[in-house]
Amino acid sequence: MVDATVNYLQPARTLLQHFAEHRGMNNAYLSGDVSFREKIAAKQRQLANDLQAMDAVDAQPGDTLKSRSAWQAIKADWQSLSANAAHLTTQDSFTRHTALIKKLLDLNVQVGITSNLVLDPDADSYYLMDVVVNRLPFLVEHLGQLRGMATGIVARRQMSADNHRQLSKLPAYIEIMREGLHSSLTLAFENTDRSSRG
């Protein structure tokens, strides 16, 4: 089942990246930078390919990863969001993109648990999978939020009170996640050293 999980997580990681990029581009467009219109159209075509790739891995026989219903909900949310993205407020667009990304991150965690990938009895593998499935994607998402907000601020040439509030919280979250990532990697390396010494 490890191969099936890795095959699932690879296109999911690409989709996460492209959802985040779309969030930033749409934020800039809704903030007044119409030069992003073509970039958004290209990103939506890329996302259509990403969704097909996810459909292919999710259609594996038997739904062994118990992912199907969560994946269908994510697809439905994306279809609704992409159809209306150009007509939302910047806040609504950012919030809906972020909620969609959270659902995909949660699905990745669910797949990691269902497959036992993140429940490995060997300590070194357990901590490495914790990094790959849990810690690193969430850290990257918070950095993506920071980048997406900054793109909108640059396009508007002003920072709202809400932007200021959100931006002031993100560095603390990012630091907590960075510390967790560092801790898991340290434990993985320590346990690898112990097991290699036998």
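What you see is a predicted model, and the numbers here were worked out from it, not measured in a lab.

How each quantity is defined
Residues numbered from 1 in each chain as written. Predicted model: local features only at pLDDT ≥ 70, side-chain atom pairs only at ≥ 80, totals over all residues. Heavy atoms only, no water. Axes fitted to C-alpha atoms, helices over the stretch in contact; angles between N-to-C directions. Helix = DSSP H or I, 4+ residues; strand = E, 2+ residues; numbered from the N terminus. Parallel < 35°, antiparallel > 145°, perpendicular 65-115°, else oblique. Left-handed = near helix turned anticlockwise from the far one by under 90°. Contact = heavy atoms within 4.5 Å. Nonpolar A, V, L, I, M, F, W, Y, C, P; charged D, E, K, R; others polar. Buried < 20%, exposed > 50% of the residue type's maximum accessible area, 1.4 Å probe, protein only. 1 Å grid on protein atoms, 1.4 Å probe; cavity = no way out; pocket = protein on both sides within 12 Å on 5 of 7 lines; lining within 4 Å. Points joined across faces, edges and corners; volume = space filled by probe spheres on them. Phe/Tyr/Trp six-rings, centres within 6.5 Å; stacked < 30°, edge-to-face > 60°. Lys NZ or Arg CZ within 6 Å of the ring centre and 35° of its normal.

Caption draft 1: Summary view of the packing of helix α3 (residues 68–84) against helix α4 (residues 90–114). In contact at an axis separation of 10 Å, α3 and α4 are set at 165° when each is read in the N-to-C sense. Between α3 and α4, the angle falls in the class roughly antiparallel. In this structure, α3 meets α4 at a crossing whose hand is left-handed. On α4, the residues that touch A70, W71, I74, D77, W78, S80 and L81 of α3 are R96, H97, L100, K103, L104, L107 and Q110. Tallied by class, the residues present in the contact of α3 with α4 amount to eight nonpolar, three polar and three charged.

Caption draft 2: Structural detail: the environment of T98. Note that T98 resides in helix α4. Assessed through its relative accessible area of 19%, T98 is described here as buried. Residues in contact with T98, not counting those within four places in the same chain, are R23, E141 and Q145.

Caption draft 3: Inspection of the layout of surface pockets at higher detail. In this model, the largest pocket occupies a volume close to 490 Å³. Lining the largest pocket are 20 residues; nearest its centre among them are R13, L16, V132, L136 and P137. Counting only elements with at least two residues in the lining of the largest pocket, the list comes to α1 (2–30), α4 and α5 (123–156). Here the lining of the largest pocket takes nine residues from α5, the largest share from any one element. Looking at the lining of the largest pocket residue by residue, the class counts come to 13 nonpolar, four polar and three charged. Taken as a whole, the second largest pocket spans an internal volume of roughly 210 Å³. As for the second largest pocket, its lining consists of 13 residues, and the residues nearest its centre are Q145, M149, Q166, L170 and Y173. Here the lining of the second largest pocket takes six residues from helix α6 (residues 161–197), the largest share from any one element.

Caption draft 4: Here's a closer look at the packing of aromatic side chains. Tallying each qualifying case throughout the model produces two aromatic pairs. For the pair F19 and W78, a centre-to-centre distance of 5.2 Å together with 45° between the ring planes defines the contact as tilted. Placement of F19 in helix α1 and of W78 in helix α3 is noted, with a sequence separation of 59 residues between them. Its relative accessible area of 1% is what places F19 among the buried residues. For W78, a relative accessible area of 6% corresponds to the buried category. Seen from the ring of F94, R23 lies directly overhead, with NZ or CZ sitting 5.1 Å from the centre. Stacked on the ring of F36, the Lys or Arg K39 has its end atom at 4.6 Å from the ring centre.

Coordinates in, geometry out; function isn't part of it.
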